[in-house]
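Working through the structure, step by step
Take a look at the letters that make up each chain.
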Amino acid sequence: MSFRTEWASQVTATLTGTMVTIAGWVQRRRDHGGLIFVDVRDRTGIIQVVADPKGAAFATLDTVRAEYVVSVTGMVRRRPDGMVNLDIASGEVEIVPSQVVILSQSKTPPFMPQEAETVDELVRLKYRYLDLRRSSLLHNFELRDRVLYSLRNFFHEHGFLDVETPALARSTPEGARDFLVPSRVQPGTFYALPQSPQIFKQLLMVAGFERYYQIAKVFRDEDLRADRQPEFTQIDVEMSFMDREEILSLMEEMVKRIFKDALGVALQTFPRLSWEEALHQYGSDKPDLRAGEPLVDLTSQARSVSWEILASAPHVVGVICRQYRPSRKMLEQWTEFARERGASGLIWIMKSEDGIKSSAAKWLDGEELLALATNARLQPGDTLLVVAGPKPLAYVVAGQIRLEFARQENRLEPGWRFLWVTEFPLFEWSEEEERLVSAHHPFTMPVAQDFELLESNPAAVRSEAYDVVLNGIELASGSLRIYRPDLQERIFSVLGLTQDEISEKFGFLIQAFQYGAPPHGGIAFGLDRIVMLMAGAKSLREVIAFPKTARGTDPLMDAPSPVDVRQLDELGIQLKPKT
RNA sequence: GGAGGCGUGGUGUAGUCGGCCUAACACGCAUGCCUGUCACGCAUGAGAUCACGGGUUCGAAUCCCGUCGCCUCCGCCA
């Protein structure tokens, strides 16, 4: 006898009168004394089993409890008139069992899968296998599977090779903290888990693989967020002999493909903004295009106003709040919001049918206020919130106000608002290390026109780096790579790495590039984030089967954990006493 | 590293600004009744050192101090 001949949701009216066997978990048991209903759940849905005391399987069915695993063989019967349940796929029929086999008993679970959404997440993580029984989570993993299936088809069709790269690699400087793995065979040395397969995929390009992709697990030892886990999955891609335009267009096609295959959604062409434009228009390198119109740059106009403080501000940026009449208290809250983020304050200008009101009315005359309002395309009923300050602060704070306003007022437009952000700065200043560091990674190609600035004005050098942003969340990041050793050495030298450090840390890459490196570039998408957004989920934990808590622990396995001192001895490791 | 929120039977909550709290309600669980339910219904019952430690007090779930855990955000995340 087989455990199952049909899935629960496939038992429909067309099978009326036939014998079927279904298997699954007992979702609910309704005991009417003389009549027992049991809903059996499998991955596809639920089916109702009904038995009366004369029936063969009544005694067994009487003993089943929530989450028992059963196999039920019986006749499919149409439900009586008026007893149809249209909420479930099998709702027109029910099974009259001739045999019920209890395959597994269950203790009373700490929570029922169907009520899990309201249960404390710590409890759910501890009993993750029960949490995963609920259909909404299951659907996320079905979506994830469709995305991966679509991805692999796409890459295969376009001549990409799926190549695995090592998980035990070498610690490299720059970037996130590495997770370290001590070597037993080489005492005192450590592997690092990859933050990305970056160097390996570039070596594959040197090897002539031409087109590589990998669904790669990567690791970063940094603090967690709702959209950040210490281990996550990247769609890692690298291509040779393709210019930036070809790479962007192929990757955009890939994203469109998975949305079409997995969600049935046809995406529009992604708009493009340079990093500079994104900062000026949205105060962010990952603009949320759902949050209304761009910021308005009032810097040049402010130069000529009579109020010295505004006229001398290096940058003046406005957020247009359409049809918004904030109270005094709300305006104070916006001012506080701006101050908390480092701005010196906030000016507001309100336009109505009978004139202009402003917090700056004391220092600016009516004409000046009207000019500002007109320049910001203010209509009666609109409010303009203005931040002044240095760049990028003024733009960033204004951008955060734009976002927060849209969230608070429920003005986020629905839809999938993708864009490319390009030409990021090649370097950024690290306050902590007091030196220039790579904004992306040290193998990023500078924009050709900016080569000459590398030594004279490195902060102004733009890079051939690009991000994919969806609804204000960074989904992917990539770049064209440097493939000429001389240019790579120039970059290392601007970063202040000595010859010794270069050869010690990146010698193998420099060496490889001396044997014929093709022009190449690539990108890496955060698979978990894509699936999270596609699923409408609020946290990566809803699309990762066994996620970590915000403190990086796994309540199910109770990891991380101390290890036996003998294990440490073998590794030559001695723990410092706790301070 | 910093800020905020939360922690009360198995689960979700109420109670928290000092006193009939001998901790309430719903779900779940157990037992009994019930032949058309699908969040079945009805009745009875079991189940809580109120996260942990210390303090104040005649008296603490409640006030104070500390610790731990979970969540969110800032820093951090090339």
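Counting starts from 1 at the beginning of each chain's written sequence and moves along it residue by residue. To label them, take the chains in the order written and letter them from A, then take the ligands in the order written and number them from 1. Totals for whole chains, interfaces and linings use all residues, but because this is a predicted model, local features are given only for residues with pLDDT of at least 70 and pairs of side-chain atoms are given and counted only at 80 or more. Water and hydrogen atoms were dropped before computing side-chain values, which therefore reflect all heavy atoms in the structure.

In this section: helix α10 (residues 328-340). Secondary structure counts use DSSP, requiring at least four H or I residues in a row for a helix and at least two E residues in a row for a strand, with both numbered from the N terminus. Helix span, as expected, comes to 1.5 Å for every residue beyond the first. In a regular helix each residue adds 1.5 Å, so 13 residues correspond to 18 Å; α10 covers 18 Å between its end C-alpha atoms and thus fits that length. Inspection of α10 places L331, W334, T335, F337 and A338 among the buried residues, and these make up the whole buried set. Buried residues of α10, viewed axially, fall in a sector of 155 degrees; they line one side. In this structure, α10 carries R328, K329, E332 and E340 as exposed residues pointing more than 90 degrees from its buried face. Against the buried residues of α10 lie β14 (347-352), β16 (383-389) and α12 (393-408). Think of it in three bands: with a 1.4 Å probe and only protein chains considered, a residue is buried below 20% of the maximum accessible area for its type, exposed above 50%, and partly exposed in between. In this context, the arc is that of the directions from the helix axis out to the C-beta atoms. Contact definition: two residues touch when any of their heavy atoms are within 4.5 Å.

Sheet architecture is open: eight strands sit in the order β6-β9-β10-β22-β21-β20-β17-β11, paired in mixed fashion. Each edge of the open sheet is held by one strand with a lone partner, namely β6 (161-162) and β11 (272-274). Examined bridge by bridge, strand β21 (residues 473-480) and strand β22 (residues 520-526) share five bridges and lie antiparallel to one another. Bridging from a neighbouring strand, G478 pairs with I523 of β22. The strands that helix α5 (residues 198-206) touches are β9 (211-219), β10 (231-240) and β22; relative to β10, the one it contacts most, it runs at about 20 degrees. Axis definition: a line fitted to C-alpha atoms, limited for helices to the stretch in contact. Angles are taken between N-to-C directions and run from 0 to 180 degrees. In the packing of helix α7 (residues 275-282) onto the sheet, the strands contacted are β11 and β17 (418-422), and the crossing angle to β11 comes to about 95 degrees. Strands pair, by our definition, only if DSSP identifies at least two bridges between them.

This paragraph deals with helix α11 (residues 366-375). Within the sequence span of α11, burial applies to E368, L369, L372 and A373. Axial view of α11: buried residues confined to an arc of 135 degrees, hence all on one face. In this structure, α11 carries G366 and E367 as exposed residues pointing more than 90 degrees from its buried face. The inward-facing, buried residues of α11 contact α8 (299-302), α9 (308-311), β14 and β15 (355-358). R377 occupies a position one or two residues after α11 and carries a positive phi of about 55 degrees.

What follows deals with the nonpolar core. Throughout this description, the term nonpolar core refers to a set of buried Ala, Val, Leu, Ile, Met, Phe, Trp, Tyr and Cys residues connected via side-chain atoms within 4.5 Å. Among the nonpolar cores identified, the biggest contains 67 residues, and L151, F155, M251, F418, V468, I523 and F525 are the most heavily contacted of them. Aside from chain neighbours lying at most four places away, what touches F418 is V255, F259, L267, F270, P271, L289, V468, V469, L470 and L475. Residues V11, I36, V64 and Y68 belong to the second largest nonpolar core, which totals 24 residues.

So, on to the protein's contact with RNA strand B. We call a residue near a molecule or strand when any one of its heavy atoms sits within 4 Å of it. Near RNA strand B lie 44 residues; those nearest to it are D31, M83, S438, A439 and H440. A breakdown of the atoms of RNA strand B within 4 Å of the protein gives sugar and phosphate a share of 52%. In the environment of RNA strand B, a phosphate oxygen lies 3.1 Å from a nitrogen or oxygen atom belonging to the backbone of G34. At 3.1 Å, a side-chain N or O of R65 approaches a phosphate oxygen of RNA strand B. Under this definition, polar contacts are N or O atom pairs within 3.5 Å; protein pairs additionally need one hydrogen-donor-capable and one acceptor-capable atom, and for neighbouring residues in sequence, both atoms have to be side-chain atoms.

As far as domains go, chain A holds domain 1 (8-104) and domain 2 (293-408). Where each domain starts and ends follows an automatic or database-derived domain assignment. For domain 1 and domain 2, the distance between their C-alpha centres works out to 65 Å.

A few words on the packing of aromatic side chains. A pair of Phe, Tyr and Trp rings is counted when the ring centres sit within 6.5 Å of each other, with Trp represented by its six-membered ring. The angle between the planes then sorts it: under 30 degrees is stacked, over 60 is edge-to-face, the rest tilted. One pass over the structure, following the stated rule, counts 14 aromatic pairs. Look at F259 and W416: their rings are 5.1 Å apart centre to centre, the planes differ by 75 degrees, and that puts the pair in the edge-to-face class. Highlighted residues: F259 in helix α6 (residues 244-263) and W416 in the loop between α12 and β17, separated in sequence by 157 residues. Residue class for W416 comes out partly exposed when judged on its relative accessible area of 29%.

In spatial order, the strands read β12-β13-β16-β14-β15; together these five strands make up an open sheet with antiparallel pairing. Two strands lie at the open edges of the sheet, namely β12 (296-297) and β15, each paired on one side alone. Bridge count between β14 and β15: four bridges; the pairing is antiparallel. Bridge pairing in β15 places S352 opposite G355.

Let's shift gears to the pairing of β9. Two strands pair when backbone bridges link them, and β6 and β9 are joined in this way by two bridges, in the parallel orientation. Note on β9: the bridge partner recorded for D162 is Y213. Bridge analysis of β9 against β10 gives nine bridges, and the strand direction is antiparallel. Across the sheet, the residue bridging to K217 is T233, located in β10.

Time to look at the packing of helix α4 (residues 135-157) against α6. Running from N to C, α4 and α6 point in directions that differ by 140 degrees, and their axes come no closer than 9 Å. Taken together, the axis directions place α4 and α6 in an arrangement best described as oblique. Here the hand of the crossing between α4 and α6 comes out right-handed. From α4, L143, R146, V147, S150, L151, N153, F154, F155 and E157 reach across to α6, where they touch L250, M251, E253, M254, R257, I258, D261, A262 and L263. When grouped by side-chain class, the residues that make up the contact of α4 with α6 number eleven nonpolar, two polar and five charged. Angle categories: roughly parallel below 35 degrees, roughly antiparallel above 145, roughly perpendicular from 65 to 115, and oblique for all the rest. Note on convention: near helix rotated counterclockwise from far helix by under a right angle means a left-handed crossing. Clockwise means right-handed. All residues other than Ala, Val, Leu, Ile, Met, Phe, Trp, Tyr, Cys, Pro, Asp, Glu, Lys and Arg, Gly among them, are scored as polar; the first ten of these are nonpolar and the last four charged.

Once that is clear, we can look at the pattern of salt bridges. Each reported salt bridge corresponds to a side-chain nitrogen of Lys or Arg within 4 Å of a carboxyl oxygen of Asp or Glu. Evaluation of the coordinates by the stated rule reveals 39 salt bridges. In this structure, R77 and E94 form a salt bridge, with 3.0 Å as the shortest nitrogen-oxygen distance. Of the two residues, R77 sits in strand β4 (residues 69-78) while E94 sits in strand β5 (residues 93-104), which places them 17 residues apart along the sequence. Residue R77 is classed as partly exposed on the basis of its relative accessible area of 41%. What emerges from the salt-bridge pattern is a single network uniting E117, R124, R128, D131 and R134.

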